[in-house]
Amino acid sequence: MVEGSMTQGAGQGPEMERTATLRDFRVPAYVNETGPYAHSPHPAETGPYDGGPRPAETGPYAGAPRAADTAPPVEEGRPAAPEGYPDAYTPTQRDLPIINRTDTVQVTVDPAPAPAAQPGTGSGPLYVVGDVHGYLDQLVAALQEKGLVDAAGQWCAGTARLWFLGDFTDRGPDGIGVIDLVMRLSAEAAAAGGYCKALMGNHELLLLGAKRFGDTPVNSGAGTATFQAAWLLNGGQKSDMDRLQDHHLQWMARLDAVEEVDGYLLVHSDTTAYLDYGDSIEAVNDTVRETLTRNDADEVWDLFRKFTKRFSFRDDGADAVRSLLDTYGGTRIVHGHSPIPYLLGEVGSEDGEDTAGPVVEGPHVYADGLAIAMDGGVTMAGKLLVQQLPLEG
């Protein structure tokens, strides 16, 4: 089995604020008013970052301390990550924010109506896509490189099967454009006899919660929180919220959380929390949809909180992977959520002058070969991964 690998490489933007313990935990670009989108028009030419106020400067949080400055402590009893790793995700603390990118490729995707979709079962090759986080241009380029879309961004892969592992929005410049593209490709692929499908990520739950519940207080398990504050803290883009429409919300709310395809168990998060929601794939997906349908802020927050957990498969985590495979089926698990550079612990050094960004060549295989990580760290100048399964080697 070929192990995934990663080395340090160039491609870092201007130095940004960082924590005292880890170089690559930085605040979103719009907070510092830096980065390639700080004073440039949004791709749709209607964005809020063309020199106007930032979210932190307006709205209900104007003049108030940022949530990161007043965040409650991490829950007692939750183990700390090993030295050199970020701690497990806490929704009321800033998590894996964007590092400035300078390599954005401008690719125009024509939003023309897709042909009428016909039922497509797909019999062609299987592909999976890691976390996109609003990087529409990089997504289109990666899909083109694999021959899945043509120069105009239209599906050209016939009966191929394409699965997105979730996290379409936040941190990057055009999350709604990503959702629009995935929705359109779903129709085009079905019409060609293939399919394009997507899973629910924690950032879909976060965006749904921010839209539905806003500043409604929820019990976070570590004090009082709100979806709005957590969304802003973790890369929420006002341009996405401004362009969010009912059909986007309906599409996100219907996404499955778990699927099994060709012996691969597909999930978004590297956590065993899925076991809390059912003992079969159907039961988990039904429970998630029913929770969203009930529209209870605390219930949705608890779902979001559990989907944010990470690192369950790292180190001695093969048994955690087996617990999911034994319950839901499949022989290997494929996930996004935790960027490969953080899984590997290769995220830069505090003592040295090296500020180079990580370079991810492909998926990371770990946990006795049972787990395949697909988040290449596009938000930290890594790579947006589109990978055909099975892996070579």
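Whatever comes next refers back to the structure up there.
Let us look at the structure shown here. (Residues numbered from 1 in each chain as written. Predicted model: local features only at pLDDT ≥ 70, side-chain atom pairs only at ≥ 80, totals over all residues. Heavy atoms only, no water.)

### Regarding the packing of aromatic side chains
One pass over the full model with this rule turns up nine aromatic pairs. Taking the centre distance of 6.1 Å and the plane angle of 80 degrees together, the rings of W163 and Y195 count as edge-to-face. Note that W163 is positioned in strand β3 (residues 161–164) and Y195 in strand β4 (residues 195–198), a separation of 32 residues in sequence. For the pair W163 and Y195, a shared accessibility class is recorded, and that class is buried. Plain terms: the ring middles of F227 and F304 are 6.0 Å apart, the flat faces sit at 50 degrees to each other, and that makes the pair tilted. Taken together, the positions of F227 in helix α6 (residues 227–233) and F304 in helix α10 (residues 297–307) put the pair 77 residues apart, joining distant regions of the chain. You'll find F227 and F304 in the same group, each marked buried. Following the ring pairs from residue to residue traces out a cluster consisting of F213, F227, W301 and F304. Geometry around Y195 places K197 over its ring, the cationic atom sitting 4.4 Å from the centre. Lying across the ring of F311, R314 places its NZ or CZ 4.0 Å from the centre. (Phe/Tyr/Trp six-rings, centres within 6.5 Å; stacked < 30°, edge-to-face > 60°. Helix = DSSP H or I, 4+ residues; strand = E, 2+ residues; numbered from the N terminus. Buried < 20%, exposed > 50% of the residue type's maximum accessible area, 1.4 Å probe, protein only. Lys NZ or Arg CZ within 6 Å of the ring centre and 35° of its normal.)

### Some thoughts on the pattern of salt bridges
Enumeration over the complete set of coordinates arrives at 13 salt bridges. Close ionic contact of E299 with R294 constitutes a salt bridge, the shortest N to O distance being 3.0 Å. Using a relative accessible area of 31% as the deciding quantity, one classes E299 as partly exposed. Ionic pairing is found between D315 and R314, a salt bridge with its closest N-O pair at 3.5 Å. Judged by relative accessible area, R314 falls into the buried class, the value being 9%. A single network of salt bridges, built from pairs that share partners, joins D276, D302, R305 and K306. (Salt bridge = Lys/Arg side-chain N within 4 Å of Asp/Glu carboxyl O.)

### Focus: unusual backbone geometry
Negative phi characterises most residues that are not glycine, and trans characterises most peptide bonds. Cis geometry is adopted by the peptide bond preceding P390, which originates at L389 and carries an omega value of 0 degrees. As for its position among the elements, P390 is in the segment after β13 (386–389). Phi at D170 takes a positive value of approximately 75 degrees, unusual for a residue other than glycine. Of note, D170 is situated in the loop between β3 and α4 (175–191).

### Considering the environment of D170
For D170, a relative accessible area of 0% puts it in the buried group. C-alpha of D170 to C-alpha of E204: the two residues are 34 residues apart in sequence and 9.1 Å apart in space. Setting aside chain neighbours within four positions, we find D170 in contact with H133, G134, H203, L206, W231, N234, G235, G236, Q237 and D240. Among the polar contacts listed, one links the side chain of D170 to the side chain of W231, at a separation of 3.0 Å. (Contact = heavy atoms within 4.5 Å. Polar contact = N/O pair within 3.5 Å; in protein donor to acceptor, adjacent residues only side chain to side chain.)

### What to know about the packing of helix α5 (residues 202–213) against helix α8 (residues 246–253)
Close contact between α5 and α8 brings their axes to 10 Å; oriented N to C, the two are set at 135 degrees. When the interaxial angle is binned, α5 and α8 end up oblique. Crossing hand, α5 versus α8: left-handed. Counted together, E204, L207, L208, K211 and R212 of α5 and L249, M252 and A253 of α8 form the full contact between these two elements. Class assignment for the residues of the contact of α5 with α8 results in five nonpolar, no polar and three charged. (Axes fitted to C-alpha atoms, helices over the stretch in contact; angles between N-to-C directions. Parallel < 35°, antiparallel > 145°, perpendicular 65-115°, else oblique. Left-handed = near helix turned anticlockwise from the far one by under 90°. Nonpolar A, V, L, I, M, F, W, Y, C, P; charged D, E, K, R; others polar.)

### Re the pairing of β4
The sheet contact formed by β3 and β4 spans four bridges and is parallel. Looking at the pairing, W163 lines up with K197 of β4. Between β3 and its parallel partner β4, the chain crosses via α4, and the hand of that crossover is right-handed. (Pairing = 2+ DSSP bridges. Right-handed = clockwise from strand over helix to strand, strands pointing away.)

### A look at the sheet that holds strand β7 (residues 258–261)
Reading across from one edge, β7-β8-β9-β12-β11 is the order of the five strands in this open sheet, with mixed pairing throughout. The open sheet has two edge strands with one neighbour each: β7 and β11 (364–366). Direction aside, the axes of adjacent strands within the sheet are offset by 25 degrees on average. As defined by bridge partners, β11 adjoins strand β12 (residues 371–373) across three bridges and the pair is classed as antiparallel. Looking at the pairing, V365 lines up with I372 of β12. Across the sheet, helix α11 (residues 318–328) lies against β8 (264–267), β9 (332–335) and β12, angled at about 105 degrees from β9, the strand it touches most.

### Focus on the pairing of strand β2 (residues 126–129)
Covered by surrounding structure in β2 are L126 and V128 together with Y127 and V129, the residues of both alternating faces. Pairing of β2 with β3 involves four bridges; the strand directions are parallel. Note on β3: the bridge partner recorded for Y127 is L162. Handedness of the crossover joining β2 and β3 through helix α3 (residues 136–145) is recorded here as right-handed. The sheet contact formed by β2 and β13 spans four bridges and is antiparallel. For V129, the partnering residue across the bridge sits in β13 and is V386.

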